[in-house]
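Coordinates in review
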Amino acid sequence: MSIPDSVEINEGETSLIVPAVHSSGGPGKRIGKVFFNSQMAFNRDVSVMLLRARPVQSALDAMSGTGARAVRWGREIGGGMKVTANDRTPEAVEYISANIALNRLEESCQASHDDLRSLLARRAYDYIDIDPFGSPVPFIPAAMQAVKRHGVLGITATDTAPLAGAHPRKCLRRYDAMSVRSPFGHETGLRILIGHLIKEAAKEDRGARCLLSFYADHYFRTYLQMEEGGAAADAALGKLGYIEYDKTTGKTTVSMEPISHRSAGPLWLGPLHDSEILKDMNADETLAAAARCKKYLKLWREEVDIPFFYENDELSSLLHMSPPRMDRLLEQIGASGKVSRTHFSPTAFKTDLEFNDVLAIYRDIAGEVSGHH
Ligand SMILES: C[S@@+](CC[C@H](N)C(=O)[O-])C[C@H]1O[C@@H](n2cnc3c(N)ncnc32)[C@H](O)[C@@H]1O
């Protein structure tokens, strides 16, 4: 089958027919009727690594576009998994069918042409992937009802601006949570998204925990493992809370109730990652963005998994000193507490030390530097 104005490309171990004119960066502009963004190869790679580490019997790529993600699973994971690639745009389904045929996956992959909400009213899956333009909010209730017991959801959100504090009213309307600007706005945004998912799961008497959650290239992504029953739902809701950032002192306070109208939340305060699954994920050379996968896997594995981080520049300007080198800083803080880099920002760090102890270490380093002059 040939589709006008299309090209064949390779991604990972898969050949794909995609629109000749397509996005290759940024949040992904919509060009033409069928969407493909080559920069999202990394996002698709991560789903391949995760499903290789935790195989499932049935997986739905609910908003499949060209079928790129689903066909990569069929080709690169295998193991008897049944894959459904769904999209409501007829032109997208033509690409999905062409890509299934190109990779000879008729046995394991099925094309579906439906609104995902009506598909999910009829069928259930072990794994459901939601990868929309913008916010996933309209699709979450359907996904929460149709993911099987102890199944997994993979959710992308590209509406990072409202979530990270640039449009707090919009965030409040969509996510029923307050967002605020802060040096760690991307982490608050990701945690507001997860908090919303936990509240939606609770309506179905289900809880959830994060397998892997991250920010990259203008989007948030989280993989949630469902936990069944009212007690699991209550336990997950118990990990929602608030944070408040004081920009005059640089101090962040985490609390279970809002402290003032400047508090952000409700948001998820639990872990972003599951260390067991990260151990089992493997960034092998067959992936499309193998080097980037290796780099992120290392960052996620080493990340101190507690809420919020410090920006080196922010602390140094608060203390009127020039920013210390990151490795020096990590070494000094590491001598008295847990510390790591964070995937959210190359110039930031996470630590379990108290704010005042972090400041004291900064002052020591500044003293050392000025001592050399
Ligand atoms: C960002 S694109 C998906 C990209 C794709 N997952 C990939 O990795 O290449 C979003 C897709 O969702 C589809 N879509 C939007 N609303 C939908 C709905 N209610 N049901 C099913 N598909 C929908 C659009 O047609 C579009 O192809």
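Conventions used here
- Residues numbered from 1 in each chain as written.
- Predicted model: local features only at pLDDT ≥ 70, side-chain atom pairs only at ≥ 80, totals over all residues.
- Helix = DSSP H or I, 4+ residues; strand = E, 2+ residues; numbered from the N terminus.
- Rg over C-alpha atoms; globule rule 2.2 N^0.38 Å.
- Contact = placed C-beta atoms within 7 Å.
- Near = placed C-beta within 6 Å.
- Nonpolar A, V, L, I, M, F, W, Y, C, P; charged D, E, K, R; others polar.
- Pairing = 2+ DSSP bridges.
- Domains from an automatic or database assignment.
- Core = buried A, V, L, I, M, F, W, Y, C linked by C-beta atoms within 7 Å.
- Buried ≥ 20, exposed ≤ 12 C-beta atoms within 10 Å, placed from the backbone.
- Axes fitted to C-alpha atoms, helices over the stretch in contact; angles between N-to-C directions.
- Left-handed = near helix turned anticlockwise from the far one by under 90°.

On to the overall build of the protein chain, then. Counting secondary structure elements, the protein chain contains 14 helices and 15 strands. A compact globule built from 373 residues should have a C-alpha radius of gyration of about 21 Å, and the protein chain, at 22 Å, falls within 12% of that. By its C-alpha atoms, the protein chain is 70 × 45 × 35 Å across when sized along the principal axes. The contacts in the protein chain between residues at least 6 apart in sequence include a share of 64% that link residues at least 24 apart.

Here we take up the site of the ligand. Around the ligand, a shell composed of 20 residues is seen, among which Met63, Gly65, Arg88, Leu116 and Asp131 lie nearest. Broken down by secondary-structure element, the contributors of at least two residues to the shell around the ligand are α2 (68-76) and β4 (82-87). Of the residues belonging to the shell around the ligand, the class tally is nine nonpolar, five polar and six charged.

Strand order in the open sheet made by the three strands is β13-β15-β14, with antiparallel pairing throughout. Each end of this open sheet is capped by a strand with a single partner; those strands are β13 (310-311) and β14 (339-342). With two bridges joining them, β13 and strand β15 (residues 345-351) adopt antiparallel strand pairing. Considered in β15, the bridge of Tyr310 is made with Phe349.

This brings us to unusual backbone geometry. Omega for the bond connecting Gly265 with Pro266 falls within 30 degrees of zero, at 5 degrees, which places this linkage in the cis form. Residue placement: Pro266 occurs in strand β12 (residues 264-268). Of note in the backbone geometry, Arg104 takes a positive phi value of approximately 50 degrees without being a glycine. Among the secondary structure elements, Arg104 is positioned in the loop between α3 (90-102) and β5 (109-113). Positive phi values are uncommon outside glycine, yet His320 reaches one of about 55 degrees. Mapped onto the fold, His320 is located in the loop between α12 (312-318) and α13 (326-334).

This brings us to the domain arrangement of the protein chain. In terms of domain boundaries, the protein chain breaks down into domain 1 (6-302) and domain 2 (310-371). The straight-line distance from the C-alpha centre of domain 1 to that of domain 2 is 32 Å. Contacts between the two partners involve twelve residues from domain 1, matched on the other side by nine residues from domain 2. For the side of domain 1 that touches domain 2, the leading source of residues is helix α11 (residues 290-302), giving four residues. Each residue belonging to the side of domain 1 that touches domain 2 can be placed in one class, and the counts come to seven nonpolar, two polar and three charged.

What follows is about the nonpolar core. Of all hydrophobic cores here, the largest spans 105 residues; its most connected members are Ile128, Ala143, Leu197 and Leu224. Top contributing element to this core by residue count: helix α8 (residues 185-203), with seven residues. When we break this core down by domain, the ones giving at least three residues each are domain 1 (6-302) and domain 2 (310-371). Contact partners of Ala143, with chain neighbours within four places excluded, come to Leu120, Ile128, Ile130 and Leu153.

This brings us to the packing of helix α1 (residues 41-53) against α2. Direction vectors running N to C along α1 and α2 enclose 35 degrees, while the axes themselves pass 10 Å from each other. Between α1 and α2 the crossing geometry is right-handed. Only Ala68, Arg69, Arg72, Trp73 and Glu76 of α2 make contact with α1, whose side of the interface consists of Arg44, Ser47, Val48 and Leu51. Among the residues making up the contact of α1 with α2, the classes are represented as four nonpolar, one polar and four charged.

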